[in-house]
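Here's the letter readout for the chains.
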Amino acid sequence: MEQRISLVTLGVSDVARSRAFYEALGWRGQEVQETVFFQAGGQALVLWGRDKLARDCGLTDGAAAGFSGIVLAHNVRSDAEVDELLTAAERAGATITKPAVTNAIGFYSGAFIDPDGHAWEIAHNPGFPLAEDGSLTLPDFGTS
């Protein structure tokens, strides 16, 4: 298996509401057969009915409650951009779960959940610089 993620699909309870939320953040998507596709750099973020997504994976959709164990991260170029994006997300209907602060290792971040409870971290980490196109390349952490 190549070390790559092609699509991240979020199971949502109301595709139209979720599309409106992400479009309020400035994303632009295309809807095909009740599924919304957003180009996100070299990957895609997809919104699809939660029940359909569970069935497609051969799973039963259980009640969504609490932390799912997955956080999507969006890195930005400045602390101010973190604050701006958290404010925009809250205006669009997100719930801020962690106001932005500088953590012990020196990066500034905050977090929110979207209307379906999917967690997002918004971060400015000077140790993870972004290319002009927004792509991130991990630094060489060395071996320890």
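Everything below is about the structure shown above.
None of the values given here were measured: they were computed from a predicted structure.

Some points on unusual backbone geometry
Phi angles above zero are rare outside glycine, and Q33 is one such case at about 50°. Mapping Q33 onto the fold places it in the loop between β2 (29-32) and β3 (35-40). At E34, a residue that is not glycine, the phi angle is positive and equals roughly 60°.

So, the pattern of salt bridges
All told, the structure shown has 5 salt bridges when counted by the stated rule. Three or more residues are tied together by salt bridges with common partners; here these are R19, E23 and E31.

A look at the pairing of strand β4 (residues 43-49)
With 5 of 7 residues buried, β4 is to be regarded as a mostly interior element. By the bridge criterion, 6 bridges tie strand β1 (residues 7-12) to β4 in an arrangement that is parallel. From the neighbouring strand, V8 faces β4, where its bridge partner is L45. The pairing of β3 with β4 spans 6 bridges and is antiparallel. Residue pairing across strands places T35 opposite W48, the latter belonging to β4. Taking the residues between adjacent antiparallel strands as the criterion, β3 and β4 are bridged by 2 residues, where G41 takes a positive phi near 65°.

Some thoughts on the sheet that holds strand β8 (residues 119-124)
If you walk across this open sheet you meet the 4 strands as β5-β8-β7-β6, and the pairing is mixed. In the strand order of this sheet, the two ends are held by β5 (71-75) and β6 (95-102), each with one partner. Across this sheet, the average inter-strand angle for adjacent strands is 15°, counted without regard to direction. Along the sheet, helix α3 (residues 79-92) makes contact with β5, β6, β7 (108-113) and β8, crossing β7 at roughly 10°.

As for the sheet that holds β2
Backbone-to-backbone hydrogen bonds pair the strands of a sheet. The strands run either parallel or antiparallel. The strand order β1-β4-β3-β2 describes an open sheet built from 4 strands, whose pairing is mixed. Each end of this open sheet is capped by a strand with a single partner; those strands are β1 and β2. With strand direction ignored, the average angle separating the axes of adjacent strands in the sheet is 25°. Across the face of the sheet, helix α1 (residues 15-24) comes into contact with β1, β2, β3 and β4 while running at roughly 145° to β4.

Looking at the side chain of T35
Position of T35 among the secondary structure elements: in strand β3. Here the side chain of T35 touches W48 through a polar contact of 3.3 Å, side chain to side chain. Sequence-distant contacts of T35, defined by excluding residues within four places in its chain, comprise Q30, V46, L47 and W48.

Considerations on the packing of aromatic side chains
Evaluated as defined, the whole model comprises 8 aromatic pairs. Geometrically, the ring pair formed by Y22 and W27 is edge-to-face, given 5.9 Å between the ring centres and 65° between the ring planes. This pair shows no difference in class: Y22 is buried, exactly as W27 is. In this structure an aromatic cluster arises from ring pairing among F21, Y22, W27, F38, F112 and W120.

About the criteria used
- Residues numbered from 1 in each chain as written.
- Predicted model: local features only at pLDDT ≥ 70, side-chain atom pairs only at ≥ 80, totals over all residues.
- Heavy atoms only, no water.
- Helix = DSSP H or I, 4+ residues; strand = E, 2+ residues; numbered from the N terminus.
- Salt bridge = Lys/Arg side-chain N within 4 Å of Asp/Glu carboxyl O.
- Buried < 20%, exposed > 50% of the residue type's maximum accessible area, 1.4 Å probe, protein only.
- Pairing = 2+ DSSP bridges.
- Axes fitted to C-alpha atoms, helices over the stretch in contact; angles between N-to-C directions.
- Contact = heavy atoms within 4.5 Å.
- Polar contact = N/O pair within 3.5 Å; in protein donor to acceptor, adjacent residues only side chain to side chain.
- Phe/Tyr/Trp six-rings, centres within 6.5 Å; stacked < 30°, edge-to-face > 60°.

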